[in-house]
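Remarks on the overall topology
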Amino acid sequence: MFWNSVGANCVRPNEPPLSEIGKLVDYEINKISTIYNAVIIDKHVVMPNHIHMIIMILSDEYGRPQVAPTVSRLVKQFKGSISKQVGFPVWQRSYHDHIIRNQSDYDEIWQYIDENPLKWKLDCYY
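These lines cover the structure that appears in this document, whether it is placed above or below.

Conventions adopted
Residues numbered from 1 in each chain as written. Predicted model: local features only at pLDDT ≥ 70, side-chain atom pairs only at ≥ 80, totals over all residues. Heavy atoms only, no water. Helix = DSSP H or I, 4+ residues; strand = E, 2+ residues; numbered from the N terminus. Core = buried A, V, L, I, M, F, W, Y, C linked by side-chain atoms within 4.5 Å. Buried < 20%, exposed > 50% of the residue type's maximum accessible area, 1.4 Å probe, protein only. Contact = heavy atoms within 4.5 Å. Lys, Arg positive; Asp, Glu negative; His and termini not counted. Salt bridge = Lys/Arg side-chain N within 4 Å of Asp/Glu carboxyl O.

Attention shifts here to the environment of Gly80. By secondary structure assignment, the location of Gly80 is in helix H2 (residues 71–86). Along the sequence, Gly80 and Val90 sit ten residues apart, while their C-alpha atoms lie 9.3 Å from each other.

Written out as structure tokens, the structure is:
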């Protein structure tokens, strides 16, 4: 749904073959930080049937989160916006999240997101 049908050899980590809906998803992900000043999408990739994002919620000088939506609210608004623009629901009801607690965890997740398009052929939904 988010990728055009192309041979798997055409997939490069930073240039997945996005469909029109995939381009919309990518655009909306890039727009999140302009809507919420305290939210940064540090890394993301649009896969054929899902997305991966590293979402950073900024804190003030005392370590408290700045005014920002919860991750749950952000995801709900994001999914709702895409479905409304497309004209039908394109998402499953839930999502998986993980709190990154240290640099090693961050590096591992960043690499997973970066390399995930190359591994699409191995996915059970390929």
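What follows continues from the structure just given.
Attention now moves to the nonpolar core. If you look at the biggest cluster of nonpolar residues, it comprises 22 residues, and the most contacted ones within it are Val25, Phe78 and Trp91. Of all the secondary structure elements, the ones that give two or more residues to this core are helix H1 (20–35), strand S1 (39–46), strand S2 (51–57) and H2. With five residues, H1 is the largest single contributor of residues to this core. The contacts of Trp91, once residues within four sequence positions are left out, are Phe2, Val25, Ile51, Phe78, Lys79, Ile82 and Ser83.

This part is about the side chain of Asp105. Among the structural elements, Asp105 can be located in helix H3 (residues 103–115). Despite its burial, Asp105 pairs with no opposite charge, the nearest such side chain being Arg101 at 6.5 Å. Once you skip the residues sitting within four places of it in the chain, Asp105 turns out to touch His98, Ile99 and Ile100.

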